[in-house]
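# Structural characterization, general
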Amino acid sequence: MLFKTVLDKTIDFVYPHKCPICNTIILNSTDYICKNCRSQIYFNQPPYCKLCGVHLSNTKQLCKTCAELLSTENYKFWYDKTVSYFIYKDTLRKILHIIKYKNDLKLTKYIGNKFAKMVKNDKSISKIDYVTPVPLYFKKKLRRGFDQTEIFSKMISKETKIKLIPDLIYRKKNTIPQSELSRTKRAQNVKNAFAISKRYNIKYSNILLIDDIFTTGATVNECARLLKQNGANYILVVTLARG
Ligand SMILES: [Zn+2]
Ligand SMILES: [Zn+2]
């Protein structure tokens, strides 16, 4: 029921129009995407692993992978908690693909609106001071015209009234897409890829770090490391989807 309520509430699209996912003509709905595509958006159901947001079938706090990583001497979790609202498959996978490769701003705002509302209703954000996105390399942003994670962060800030710092973290170098790499390679790939802007004082602050997909957490962990080493107290990672 929650699914339906959340997805049916945005009525700001004129009809008839084509569903951006499957190209079906939508005649009698004011929703931007068709009913069939909407039915293939899946919530990440609780309980979750506290560190990677994966759904757990038992009531333990951590999944097997995170429990193992936690006991590994050379691995450190720099962030405190992860929440991911949707499962990265079917429609959501298609949405993120279209956003990335077709620069669909309307679709970005459509899913960003759902995302922002989920964050607003999440008790995890109660003590957060700032919201900030995992940044895209500036040349990629120039090429693409926009950065969906930055747009999501803006919408989340507006919805939750949490102060946005869009440029707290920046990318010093471009990296190979994480999706092509193994867990170990992912961590190496993002190591020292980011830096923190010295313009902001984040000492003792609680930060909400936004990204689109959580897979192994290598990217958010590297950003969280910098935030913590620059004095941040608590890092909550929130992603649209769990890969
Ligand atoms: Zn559709
Ligand atoms: Zn886990």
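Since the structure is predicted, the reported quantities are computational estimates derived from the model, not experimental observations.

Secondary structure summary: the chain contains nine helices and nine strands in total. Its C-alpha atoms give the chain a radius of gyration of 18 Å, near enough to 18 Å, the size a compact globule of 243 residues would have. Considered along the principal axes of its C-alpha atoms, the chain spans approximately 55 × 45 × 35 Å. Residues counted as buried form 35% of the 243 residues belonging to the chain. Residue pairs in contact within the chain that sit at least 24 positions apart in sequence constitute 69% of those at least 6 positions apart.

Strand order across the open sheet formed by five strands is β3-β9-β8-β4-β5, with parallel pairing between neighbours. Strand pairing shows two members of the sheet lacking a second neighbour, β3 (81–87) and β5 (163–164), which therefore form its edges. Pairing of β3 with strand β9 (residues 234–242), which is carried by six bridges, proceeds in the parallel orientation. Following the sheet pairing, Ser84 is matched in β9 by Thr239.

All right, on to the domain arrangement of the chain then. Bring the parts together and some accessible area is lost; that lost area is often taken as the interface size. When cut into domains, the chain gives domain 1 (1–39) and domain 2 (40–242). Domain 1 and domain 2 are separated by 26 Å when their C-alpha centres are compared. On the side of domain 2, 13 residues touch domain 1, which itself brings 10 residues to the contact. Breaking the side of domain 1 that touches domain 2 down by element, the ones donating at least two residues are α1 (2–8) and α2 (35–38). Examining the composition of the side of domain 1 that touches domain 2, we find that three residues originate from one element, α1, more than from any other. Its residues assigned to classes, the side of domain 1 that touches domain 2 shows seven nonpolar, two polar and one charged.

It is worth spelling out the confidence of the model for the chain at this point. Per-residue pLDDT for the chain averages 90, and the proportion of residues at 70 or more is 93%. Overall, residues 4–11 carries pLDDT values under 50, and its contacts beyond four positions in sequence, including any with other chains, amount to nine contacts.

Now for the nonpolar core. In terms of nonpolar packing, the biggest core is built from 58 residues, with Leu208, Leu209 and Ile235 touching the most fellow members. Within the residue set of this core, elements represented by two or more residues are α3 (64–70), β3, α4 (90–102), α5 (105–120), α7 (148–160), β8 (206–214), α9 (218–229) and β9. Each of domain 1 (1–39) and domain 2 (40–242) accounts for three or more of the residues forming this core. Apart from the residues lying within four places of it in its own chain, the contact partners of Ile235 are Trp78, Tyr79, Asp80, Ile207, Leu209, Ala224, Leu227 and Lys228.

Relative to the helices and strands, Ser39 is located in the loop between α2 and α3. Along the sequence, Ser39 and Thr91 sit 52 residues apart, while their C-alpha atoms lie 8.4 Å from each other.

Turning to the environment of Lys154, a few remarks are in order. Turning to its location among the elements, Lys154 is positioned in helix α7. Take Lys154: there are 17 C-beta atoms within 10 Å of it, and that puts it in the partly exposed class. For the pair Lys154 and Leu164, spaced 10 residues apart in sequence, the C-alpha to C-alpha distance is 6.8 Å.

Remark: helix α8 (residues 183–190) packs on α9, axes separated minimally by 9 Å, with the N-to-C direction vectors making an angle of 40°. In this view, α8 runs oblique relative to α9, as classed from their interaxial angle. Note on packing geometry: the crossing formed by α8 with α9 is right-handed. Across the interface between the two elements, Arg186, Ala187 and Val190 from α8 touch Ala218, Thr219 and Glu222 from α9.

Rules used in this analysis
- Residues numbered from 1 in each chain as written.
- Chains lettered and ligands numbered in written order.
- Predicted model: local features only at pLDDT ≥ 70, side-chain atom pairs only at ≥ 80, totals over all residues.
- Helix = DSSP H or I, 4+ residues; strand = E, 2+ residues; numbered from the N terminus.
- Rg over C-alpha atoms; globule rule 2.2 N^0.38 Å.
- Buried ≥ 20, exposed ≤ 12 C-beta atoms within 10 Å, placed from the backbone.
- Contact = placed C-beta atoms within 7 Å.
- Pairing = 2+ DSSP bridges.
- Domains from an automatic or database assignment.
- Nonpolar A, V, L, I, M, F, W, Y, C, P; charged D, E, K, R; others polar.
- pLDDT = per-residue confidence, 0-100.
- Core = buried A, V, L, I, M, F, W, Y, C linked by C-beta atoms within 7 Å.
- Axes fitted to C-alpha atoms, helices over the stretch in contact; angles between N-to-C directions.
- Parallel < 35°, antiparallel > 145°, perpendicular 65-115°, else oblique.
- Left-handed = near helix turned anticlockwise from the far one by under 90°.

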